[in-house]
Amino acid sequence: MEFIFELQSSSNISYQRSSTTTSPDRYIDPKCLDFREALSFLNEGTKVDSAYYVPLLQKCIDTYSASEAQIIHTHIIKTGAHEDTYLMTFLLNVYSKCGVMDYAHGVFDKLSVKNVVTRTALIAGYVRNSQPELAIEVFNELLEAGAYPTNYTLAAVLSACSSLYNIKMGKQIHGYIIKYQLESDISIGNSICSLYSKCNCFDYAVKSFGRIPEKNVISWTTMISACGDNGEAQKGLDIFVEMLSENCEPNEFTVTSILSLCCVLQALEFGKQVHSMSIKLGCLSNPPVKNSIMYLYLRSGKTDEAQKMFNAMETVSLVTWNSMIAGYAQMTDIEKDVVTAQHTGTEALNIFLKLSRSSMKPDFFTFSSILTVCSSLVASTQGEQIHAQAIKTGFLSDIVVGSALVNMYNKCGDIEGATKAFVEMPTRTVISWTSMITGYAQHGRPQQALQLFEDMTLAGERPNKITFVGVFSACSHAGLVDEAMRYFKMMKKQYKIKPVMEHFACLIDMFVRLGRLQDAFDFIKKMNFEPNEFIWSILIAGCRSHGNLELGFYAAEHLLELKPKDSETYVLLLNMYLSAARWKDVSKVRRMMKDEKLGKLKDWSSISMKDKVRSFKPDDRSDTHSPEMYALLNDLLDKAKNLGYVSQKSLEMADEEEKGKTFSSVVHHSEKLAVAYGLLKVPSGASIRVLKSISMCRDCHNLIKHISALTGREIIIRDSKRLHQFNNGHCSCGDFGSLL
DNA sequence: CGCTCATAAT
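Because the structure is a prediction, the values reported are computed rather than measured.

Draft legend 1. Highlighting the domain arrangement of chain A. Under the domain assignment, chain A is made up of domain 1 (35-217), domain 2 (218-315) and domain 3 (605-731). Centre-to-centre separation of domain 1 and domain 3, based on C-alpha positions: 64 Å.

Draft legend 2. Layout of the packing of helix α36 (residues 670-681) against helix α37 (residues 698-711). One way to put it is that α36 packs onto α37 with a least axis distance of 11 Å and a crossing angle of 15 degrees. With respect to α37, the axis of α36 lies roughly parallel. Relative to α37, α36 is oriented so that their crossing is right-handed. Listed contacts from α37 to Glu671, Lys672, Val675 and Leu679 of α36 are Asp699, Cys700, Leu703, Ile704, Ile707 and Thr711.

Draft legend 3. Broad picture of the UniProt feature "repeat: PPR" (unreviewed entry) in chain A. UniProt marks residues 115-149, 216-250, 429-463 and 464-494 with the feature "repeat: PPR" (unreviewed entry), using the numbering shown here. Annotated as residues 115-149, this span is 74% helix and 0% strand, and its ends, taken at the C-alpha atoms, are 10 Å apart.

Draft legend 4. Main features of a negative patch on the surface. A grouping of Glu133, Glu137, Glu141 and Glu144 is seen on the molecular surface, where their side chains present a negatively charged patch. Positionally, Glu137 belongs in helix α7 (residues 132-144). Judged by relative accessible area, which is 46%, Glu137 ranks as partly exposed.

Draft legend 5. A look at the side chain of Asp620. Mapped onto the elements of the fold, Asp620 is located in the loop between β2 (613-616) and α34 (626-642). Despite being buried, Asp620 has no salt bridge partner; Arg614 is the closest side chain of opposite charge, sitting 5.0 Å away. At 2.9 Å, the side chain of Asp620 forms a polar contact with the backbone nitrogen of Lys617. A polar contact is formed between the side chain of Asp620 and the side chain of Ser622, at a distance of 2.6 Å. With near-sequence residues (within four places) excluded, Asp620 lies in contact with Ser615, Ser626, Tyr630 and Leu673.

Draft legend 6. Molecular detail of the environment of Ile351. Looking at the secondary structure, you find Ile351 in helix α19 (residues 338-357). For Ile351, a relative accessible area of 2% gives the class buried. Leave out the neighbours within four places in its chain, and Ile351 touches Trp321, Met324, Ile325 and Tyr328.

Draft legend 7. Inspection of the packing of aromatic side chains at higher detail. Counted by the stated rule, this structure contains 24 aromatic pairs. Taking 5.3 Å as the distance between ring centres and 85 degrees as the angle between the ring planes, the aromatic pair formed by Phe453 and Tyr487 counts as edge-to-face. In this pair, Phe453 is assigned in helix α25 (residues 446-458) and Tyr487 in helix α27 (residues 481-493), connecting sequence segments 34 residues apart. Here Phe453 and Tyr487 have matching classes, each one buried. Ring pairing ties together the aromatic residues Phe453, Phe468, Phe472, Tyr487, Phe488, Tyr495, Phe504, Phe511, Phe523 and Phe529, which thus form one cluster. When the ring centre of Phe108 is taken as reference, the NZ or CZ atom of Lys114 above it lies at 5.3 Å. Arg614 extends its terminal NZ or CZ atom over the ring of Phe616, reaching a point 4.5 Å from the ring centre.

Cut-off values and rules
Once a new chain begins, its residue numbering starts again from 1 and follows that chain's sequence as written. The order in which chains are written sets their letters, starting at A; the order in which ligands are written sets their numbers, starting at 1. Restriction of local features to residues with pLDDT of at least 70 applies here, the model being predicted, together with a cutoff of 80 or more for giving and counting side-chain atom pairs; totals for whole chains, interfaces and linings are based on all residues. In computing side-chain properties, one takes all heavy atoms of the structure into account and sets aside hydrogens as well as water. These domain boundaries are the output of an automatic or database domain assignment. Axis lines are fitted to C-alpha atoms, over the contacting stretch for helices. Their N-to-C directions set the angle, which ranges from 0 to 180 degrees. We count a stretch as a helix when DSSP gives it H or I for four or more residues in a row; a strand needs E for two or more, and each element gets its number in order from the N terminus. In this scheme, roughly parallel covers angles under 35 degrees and roughly antiparallel covers those over 145, while 65 to 115 is roughly perpendicular and the rest are oblique. Helix crossings are classified by the rotation of the near helix relative to the far one: an anticlockwise turn of less than a right angle makes the crossing left-handed, while a clockwise turn makes it right-handed. Whether two residues are in contact is decided by their heavy atoms: any pair within 4.5 Å suffices. UniProt positions are given in the numbering used here, feature names are shortened, and annotations may be inferred rather than shown by experiment. Patch members must show over 30% relative accessible area and no salt bridge, and they are joined within 9 Å when carrying like charges or within 5 Å when they are nonpolar side chains of Val, Leu, Ile, Met, Phe, Trp or Tyr. Computed with the Shrake-Rupley method and a 1.4 Å probe, the accessible areas treat only the protein chains shown as cover for residues. In what follows, salt bridge is the name for a side-chain nitrogen of Lys or Arg lying within 4 Å of a carboxyl oxygen of Asp or Glu. Counted as positive: Lys and Arg. Counted as negative: Asp and Glu. His and the chain ends are not counted at all. The location of each charge is read from NZ of Lys, CZ of Arg, CG of Asp or CD of Glu. The buried label goes to any residue with under 20% of its type's maximum accessible area, the exposed label to any with over 50%, and the partly exposed label to all in between, with areas taken from a 1.4 Å probe on protein chains only. Between N or O atoms, a polar contact is any pair within 3.5 Å; within protein, one atom must be a potential hydrogen donor and the other a potential acceptor, and residues adjacent in sequence are included only when both atoms are from side chains. Stacked, edge-to-face and tilted labels apply to pairs of Phe, Tyr and Trp rings (six-membered ring for Trp) whose centres lie within 6.5 Å, assigned for plane angles under 30 degrees, over 60, and everything in between, in that order. The rule is short: NZ of Lys or CZ of Arg within 6 Å of the ring centre and within 35 degrees of the ring normal puts a charge over the ring.

Below, the structure written as structure tokens:
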């Protein structure tokens, strides 16, 4: 049987070297048979042409099989074919494409002839396998050897510079390219464009793109994703349209880039058109394309659509899982809508659970997304389990995962857990320092927060404006006016950070807590900002607490001028006017709420148990344990009264319209029910953690302080504005803030 | 002869 090599057109190998070995009398087409059969043929000791190995090696690339390549490698040595530089370059490339650079380098070391091509292959290998430093090293060796880089070499080296964000070296290479007039090479032009984009030189990227004489699909795709990377999403879509008008056909890479832009722009309709275009182009079967479409639907709120695609997917990669988890995780912003946050957060946790049960291993993307979900839901039980998993899989050392963990424990009100996670981080960033400083401040440990700030600056880390929000918040908790002013100066003078509204809010909060209302007002006059809703709210809450109604009314007038966009702010005003029996103002505020089309406050609390998230509305009786919960609450209420708790007639939670009903006591706000549920269901000794959609009211705050003392349980409630850690009758918030 | 450039997410 005679065998003639016939390479498939799809294959990018062309190997037609004239044979120096003896022609074998029997050949089996390695493409048509299985690997072992082809090898046993070799094992018979038949002398074969070097070219015989090529399709076998190609198969190793296709199946990403380094071990099979090794077996062939052994045969190559046995038959003496390793003297063939071309074959060995190919083998080097096989190892590189199978992700084993050690083997690839081994092949390189044994080469008798090391030329530009073999070195380029090695450089490209290191670039491909995320070792750009080594790629540069080999490039330097190439130069030292006196060789001239080819356009292949230069493209690969430019890519290494991109990965290292080394714009300096990139520019040197660019200079070389200009000098040798290689700029018109498409691959080089594309690489240059990509380099400038990755190094945040968007203008240069645009210019480089313009200088590519004959743009191909890669050029266009590079430019489009450059727009995405540099926050020019709309421009990316425009360039895509231009690309189509130039009759350049997009491929799967272009489609994924465009879909990513559609996510950023929330351009669902455009995305849908790209969806149908990808069908016409025949690239819908491409897994990344499918992923991107699914993710776009998810991010656009079309969860059913996304879920359908997810369920129907035949190749589910880790990226697919991560996309689903991240997509849901991004919808867990409780400041927007708690109900949605609950639902999507639970969904993300479910998907993570399924992933954990599959054979796939979560990576740092998965961990950081899912930890965000735990933070949002105050789900520390799940968070702890995920922490354990991160340790097991070795992703704990990742800096993003570490910060996400610190953040999770802080948001869940577990300051000990946060401290431990923080200490265990191998390296800390300004983000993790800041998270921890803010954590201490929120947990009512201002001294530790300030100490940590000192540690941070001593460690040489530069604080940013958010760090200072944490610092001021700590000063505010501790009433450290002089310290606060010192830090305020330090921020402006030493760190050249311009004060923003959040800073002023903390400082004003500090004066208010101390009862220095006039100082707070003076401070407002001194700052060159118009106070926002939040600042007026702090003042009004403070005026109520300190019984200074005149200043309160004054602040209220200013607040009303701003036409607040937040229902809670109106309720705060309403309560102030109600308690002063200023009925005219009450109806005025009510009218404004109607005009602004602001709905009622959605009082909503949830508690994350081991296996589920349980949610409660006010006066909720939907749980099977409701009778026990209400009995427990009544019992605690009686006991609290004996300890001096006076049930404040609960004021408006914006539910009641009629004046008569206004002072009716709404006994069972949602967090009371969630706490009761927790007392019954959470193992004794463990803390009870509750998430609440709006600010706690004073009455609930008061009662829960007593409950914490009566039951000896730590109760943590994170509401829409702050964290409350109740222990032995005290709360970490210091009883101040915008309590309704 | 062999080696190159571009994609989805936190």
